[in-house]
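Coordinates in review
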Amino acid sequence: MLKGVNYCKYYFSDDYAVATRFIHGIAQAPWINCDEYPFASSKEGAGAKDGNFSVQAVPRDDNIIHGAALDKFYADYRVVPGNQFWVKVVN
């Protein structure tokens, strides 16, 4: 996931430019998170380290809500590592 965050900071540097906190010289903007697709928690996600994912800087609160919804989906449908599932995007 760190790789995705670094890409976020590169591609959305304006969002991080106003950061007032730095850890080891890296800007920390507590009001934004880096979200990735496919989900980092999935086999195909940013954690796969193959570079085949998308990133977007998003409001922290929205990312927390989405993460909780994804966790609920995994629990409700008993999705465990190795299970396959489809994501249907609706507008």
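Here's a quick rundown of the structure. Nothing here was measured: the structure is a model prediction, and the numbers come from that model.

1. Re the pattern of salt bridges
Enumeration over the complete set of coordinates arrives at two salt bridges. Note that arginine 60 and aspartate 61 form a salt bridge whose closest N and O atoms lie 3.7 Å from each other. With a closest N to O distance of 2.6 Å, lysine 72 and aspartate 76 form a salt bridge. Of the two residues, lysine 72 and aspartate 76 both sit in helix H3 (residues 60-76), four residues apart, roughly one turn of that helix.

2. Some thoughts on the packing of aromatic side chains
Following the criterion strictly, the structure yields eight aromatic pairs and no others. Look at tyrosine 10 and tyrosine 11: their rings are 4.9 Å apart centre to centre, the planes differ by 85 degrees, and that puts the pair in the edge-to-face class. For the pair tyrosine 10 and tyrosine 11, one class covers both residues: exposed. Here the aromatic rings of phenylalanine 73 and tyrosine 74 are separated by 5.9 Å at their centres, their planes lie at 50 degrees, and the arrangement is tilted. For tyrosine 74, a relative accessible area of 14% gives the class buried. An aromatic cluster is present here, built from Tyr7, Tyr10, Tyr11 and Phe53 joined pairwise through their rings.

Rules and cut-offs
- Along each chain, residue indices are assigned from 1 in the same order as the chain's sequence is written.
- This being a predicted model, a pLDDT of at least 70 is required before a residue's local features are given, and a value of 80 or more before pairs of side-chain atoms are given or counted; all residues contribute to the totals for chains, interfaces and linings.
- The side-chain quantities take in all heavy atoms of the structure and omit both hydrogens and water.
- Salt bridge, as used here: a side-chain nitrogen of Lys or Arg that lies within 4 Å of a carboxyl oxygen of Asp or Glu.
- Comment: elements are numbered from the N terminus, with helices defined as DSSP H or I runs of at least four residues and strands as E runs of at least two.
- In summary, the pairing rule links any two rings of Phe, Tyr or Trp, Trp by its six-membered ring, whose centres are within 6.5 Å, and it sorts them by plane angle into stacked for under 30 degrees, edge-to-face for over 60 and tilted for everything else.
- Exposure classes here rest on a 1.4 Å probe applied to the protein chains alone. A residue is buried below 20% of its type maximum, exposed above 50%, and partly exposed in between.

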